[in-house]
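# What the coordinates show
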Amino acid sequence: MIRTLIADDEPLARRGLELRLAGERDIHIVGQVGDGAAAVRAVSEHAPDLLFLDVQMPGLDGFAALRAIPAQQMPLVVFVTAYDHYALNAFEASAVDYLLKPVDDSRLHQALFRVREALDQRDASDHRARLLGLLGALSGRPALTLDEALDAGGAQVLRDADTPLAIRDGARTLRLPRSSIRWVDAAGDYLCIHTDRDTHVLRATLGQLEKRLDPTRFPRIHRSTLVNAGRVSSLRPHLNGEYFLTLDCGQELKLSRSYRDRLALFK
């Protein structure tokens, strides 16, 4: 079964999509939400395989919601929009597909065919990487390398607890207090640095950034995730020796068994 979440601020649009999906035997709708913040929470709670995501919603829009979803939780995404210019961005980012409102049955069937094909090929990680690339493009900033994004100081200086992390934002350089960083996740050659106020997308690998951070303060907890250990408020056991960490902001992140020893709580 393809666990499916619908995120759209229009109740009639959600209901219409629900009715159209009812005839698909392998689609199981696990939830419906009406705004981006609720979509982020529902992804964490329900772990859907597929997300139908409206681009324009109150509060967090569709793209802001994507920035807030940890890469390891990112489902396949089909954008739903009433505006053609968003469709081009989605297509160029190699999202699974996009649907224009009002949703046409034949286009929905085509999108579902692509979803099934992507799941069969198990290329969800590539899909996540392309979505992060889209978020970087939509930020209005050119793709940055890690050397361009960070201060030019040596790796040891950048590991210092009092040295802010410098992120280029257009013509500005933002200096992020390390205490403000909640977690960092990656897909392919892109990183999302999640802070108290925003999510910054840059082109780099997690290994490159990891070398420039104190591993006791920012341990790797998953092959695609670093966490600020000081922001972990609780943890609960999951399956096969895995845990879920809860951060002080309420976000949950998976701690893989193979990375348990890197977190001070287990030492």
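Our subject is the structure that appears above.
Attention here is on the structure that accompanies the text.

Under the criterion given, the structure shown has 1 aromatic pair. Its guanidinium or amino end placed over the ring of Tyr 98, Arg 107 lies 5.6 Å from that ring's centre, counting from NZ or CZ.

The 5 strands lie next to each other as E2-E1-E3-E4-E5, forming an open sheet whose pairing is parallel. This sheet does not close on itself; its edge strands, each paired only once, are strand E2 (27–33) and strand E5 (97–100). Each adjacent strand pair in this sheet contributes to an overall mean axis angle of 20°, direction not counted. Bridge count between strand E4 (residues 76–81) and E5: 4 bridges; the pairing is parallel. The partner of Thr 81 across the bridge, within E5, is Leu 100. Here helix H1 (residues 11–21) sits on the sheet and contacts strand E1 (2–7), E2 and strand E3 (50–54); the angle it forms with E2, its principal contact strand, is near 175°. Along the sheet, helix H2 (residues 36–46) contacts E1 and E2; its crossing angle with E1, the most-contacted strand, is approximately 165°.

Of the residues making up H2, those classed as buried are Gly 36, Ala 38, Ala 39, Val 40, Ala 42 and Val 43. Here the buried face of H2 lies against E1, E2 and helix H3 (62–68). Measuring from the backbone nitrogen of Ala 37 back to the side-chain oxygen at the start of H2 gives 3.1 Å, which picks out Asp 35 as the cap. Just past H2, the residue Ala 47 takes up positive phi, approximately 50°.

Thresholds applied
- Residues numbered from 1 in each chain as written.
- Predicted model: local features only at pLDDT ≥ 70, side-chain atom pairs only at ≥ 80, totals over all residues.
- Heavy atoms only, no water.
- Phe/Tyr/Trp six-rings, centres within 6.5 Å; stacked < 30°, edge-to-face > 60°.
- Lys NZ or Arg CZ within 6 Å of the ring centre and 35° of its normal.
- Pairing = 2+ DSSP bridges.
- Helix = DSSP H or I, 4+ residues; strand = E, 2+ residues; numbered from the N terminus.
- Axes fitted to C-alpha atoms, helices over the stretch in contact; angles between N-to-C directions.
- Contact = heavy atoms within 4.5 Å.
- Buried < 20%, exposed > 50% of the residue type's maximum accessible area, 1.4 Å probe, protein only.
- Polar contact = N/O pair within 3.5 Å; in protein donor to acceptor, adjacent residues only side chain to side chain.

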